[in-house]
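Results of the structural survey
Single-letter residue listing:
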Amino acid sequence: VQLQASGGGLVQAGGSLRLSCEASGTIFSINDMEWYRQAPGKRRELVATTTSGGNTNYADSVKGRFTISRDNAKKTVFLQMNSLKPEDTAVYYCFARLVTTGRLTDYWGHGTQVTVSS
């Protein structure tokens, strides 16, 4: 089982990016899916969460600008980022809590760099 993230890049302030993270392997069900980010010299922080029931939660710093969504059939979670600010610059990581071969296990994707220029 692995998570493959994509969609990072360089964008000017005020621009938009869309991150994707696809889970692959033997997966029976997907619980929470989340996006985290870590800026240089800072701790990793939770950006957004989507639960299996469809609930979503966001960090205060991204509310109204970022939207998390999921496609369960494609085992993919998305993060639409609008009105990007230089302080959004970070490595973004996806996280998923999956049921695989009868076990509930946490998985992390590799990071994808998002750089917002002023």
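A few points on the structure. What you see is a predicted model, and the numbers here were worked out from it, not measured in a lab. (Residues numbered from 1 in each chain as written. Predicted model: local features only at pLDDT ≥ 70, side-chain atom pairs only at ≥ 80, totals over all residues. Heavy atoms only, no water.)

Quick look at the side chain of Ser 20 now. Looking at the element boundaries, Ser 20 is found in strand E3 (residues 17–24). The class of Ser 20 is buried, set by a relative accessible area of 17%. The residues contacting Ser 20, other than those within four sequence positions of it, are Gln 4, Ala 5, Ser 6, Trp 35, Thr 76, Val 77 and Phe 78. (Helix = DSSP H or I, 4+ residues; strand = E, 2+ residues; numbered from the N terminus. Buried < 20%, exposed > 50% of the residue type's maximum accessible area, 1.4 Å probe, protein only. Contact = heavy atoms within 4.5 Å.)

A separate point is the pairing of strand E7 (residues 66–71). Side chains on a regular strand alternate between the two faces of the sheet. Residue alternation in E7 divides its side chains into a buried set, Phe 66, Ile 68 and Arg 70, and an unburied set, Thr 67, Ser 69 and Asp 71. For E7 and strand E8 (residues 76–81), the ladder comprises six bridges, and the chain directions are antiparallel. From the neighbouring strand, Asp 71 faces E8, where its bridge partner is Thr 76. Counting the residues in the hairpin turn of E7 and E8 gives four residues, including Lys 75, whose phi is positive at 55 degrees. (Pairing = 2+ DSSP bridges.)

As a further point, take the pairing of strand E4 (residues 29–38). Bridge count for E4 against strand E9 (residues 90–100) is eight bridges, and the pairing is antiparallel. Along E9, the bridge assignment pairs Ile 30 with Leu 98. When E4 meets strand E5 (residues 45–50), the two strands line up antiparallel, connected through five bridges. Bridging from a neighbouring strand, Trp 35 pairs with Ala 48 of E5.

The four strands lie next to each other as E1-E3-E8-E7, forming an open sheet whose pairing is antiparallel. With one partner strand each, in any of the chains shown, strand E1 (2–6) and E7 form the two edges of the open sheet. Each adjacent strand pair in this sheet contributes to an overall mean axis angle of 15 degrees, direction not counted. For E3 and E8, the ladder comprises six bridges, and the chain directions are antiparallel. Of the residues in E8, the one forming a bridge with Ser 20 is Phe 78. (Axes fitted to C-alpha atoms, helices over the stretch in contact; angles between N-to-C directions.)

It is worth spelling out the pattern of salt bridges at this point. Per the stated rule, a full pass over the model turns up five salt bridges. The partner of Asp 88 in a salt bridge is Arg 37, and the shortest N-O contact between them spans 2.9 Å. With Asp 88 in the loop between E8 and E9 and Arg 37 in strand E4, this pair connects stretches of sequence that are 51 residues apart. Summarising the burial analysis for this pair, Asp 88 and Arg 37 share the class buried. In this structure, Arg 65 and Asp 88 form a salt bridge, with 2.7 Å as the shortest nitrogen-oxygen distance. (Salt bridge = Lys/Arg side-chain N within 4 Å of Asp/Glu carboxyl O.)

None of the figures reported here should be taken as evidence of function without further support.
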